[in-house]
Amino acid sequence: MSGSGDWPHEHTAETEVLGLPAAERQILTALAVVGHASLSADELADLGVTADVIPLLEDLERRGLVRLSERRRYAVARGIGDQLRRTDSALAAGDRLLGYFTTLGRRGALTSARLDEDADAILGLAAWAAETGRFAGLLELVKTVQAGFAVAQRTGQGLTLLEHSRTAARVLRDRQSEIWALQQMAATAASAGDAEAAQRYLREADELRYGARPTERREVVTETMVAPPPPPPSRGGVPAWVLWLLGIVVALVAGVGLGFALDSGGSSSPDTTAPVSVTLTESGTTLTTEQTVTLPATTLVSTAISTETTTTTVTTTTTVTQPPPG
């Protein structure tokens, strides 16, 4: 930085700037608005300060108020710029810059080559607009220049701009613009390979559009399973307990018949026959039983009949042979 060093200490910069020519004050405040970034002489001239800004810039450089870079771009001295950035005089310069870069964006003039020089200036301008509450101008700026940052694949700078636009949309209560900002942020994050961030931005955009999703509640339900009763036994077979009962009945009837036969001692019949017929059904149906015992001079018939379903018949014949007399 060149200069005669005759400029007062930086803490008096705002006061001393008031003593400069109006055109030089406008140049300083415009440079202060973009922060630590720089502007070209042509851009400062396009702001309408004066037709020939070079002599003014040279005077400001001589005073040590501006710095000239190797790319022939000018930046304000940092301490002075920080003070002027917060002044009322910077508002007019900032508004002109917002309109200037917005117009470039609409014309499609922010090519990759142009952004190589002006990206930092646009970011500085956006930060200033957020600080000073110029939210409407900030939102319009980002909407027009964001596509240029995407084409130039300036992912980090593009996300920073979109964050500013989202803040502006929130303050302005412009839900549609906030949704737009989140969708653009998701696309930018996805192009950078950050799928997690992209999904987060899309989820936030959906919540703005459709409302927050209800929280899923999971309840643990304990079910008691009761085993069904065992199926009834197959109709093709007889349960064991039925066979056991049948055996007892047969034994009793056979015993009665045998008793009568033995008590008849002197009968002339060579033998005594006691046929026994027993009919039983399976469990859960009605039983039909019939027993007939024939003895000498005595016939016993016992019959019990009910509705018959599936029947299993067991016939037992008992023969008692008496020994010949004497």
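Data block above holds the structure.
Residues numbered from 1 in each chain as written. Predicted model: local features only at pLDDT ≥ 70, side-chain atom pairs only at ≥ 80, totals over all residues. Heavy atoms only, no water.

(A) Fine view of the overall build of the protein. Looking only at helices and strands, one finds 12 helices and 7 strands in the protein. Buried residues in the protein amount to 36% of all 326 residues. Considering only intrachain contacts with a sequence separation of at least 6, the fraction spanning at least 24 residues in the protein is 65%. (Helix = DSSP H or I, 4+ residues; strand = E, 2+ residues; numbered from the N terminus. Buried < 20%, exposed > 50% of the residue type's maximum accessible area, 1.4 Å probe, protein only. Contact = heavy atoms within 4.5 Å.)

(B) A look at unusual backbone geometry. Its identity is not glycine, yet Q153 carries a phi of approximately 55°, on the positive side. Here Q153 falls in the exposed class, since its relative accessible area comes to 69%. Despite not being glycine, R173 has its phi angle at roughly 55°, a positive value. Checked against the element boundaries, R173 lands in the loop between α9 (155-172) and α10 (175-191). Classification of R173 as exposed rests on a relative accessible area of 78%.

(C) Highlighting the pairing of strand β3 (residues 73-76). Of the two faces of β3, the one lined by R73 and A75 and the one lined by Y74 and V76 are each fully buried. Note: strand β2 (residues 66-68) against β3, 3 bridges, orientation antiparallel. Within β3, the position partnered with V66 by the bridge is V76. Hairpin connection from β2 to β3: 4 residues lie between these consecutive antiparallel strands, with R72 at a positive phi of about 60°. (Pairing = 2+ DSSP bridges.)

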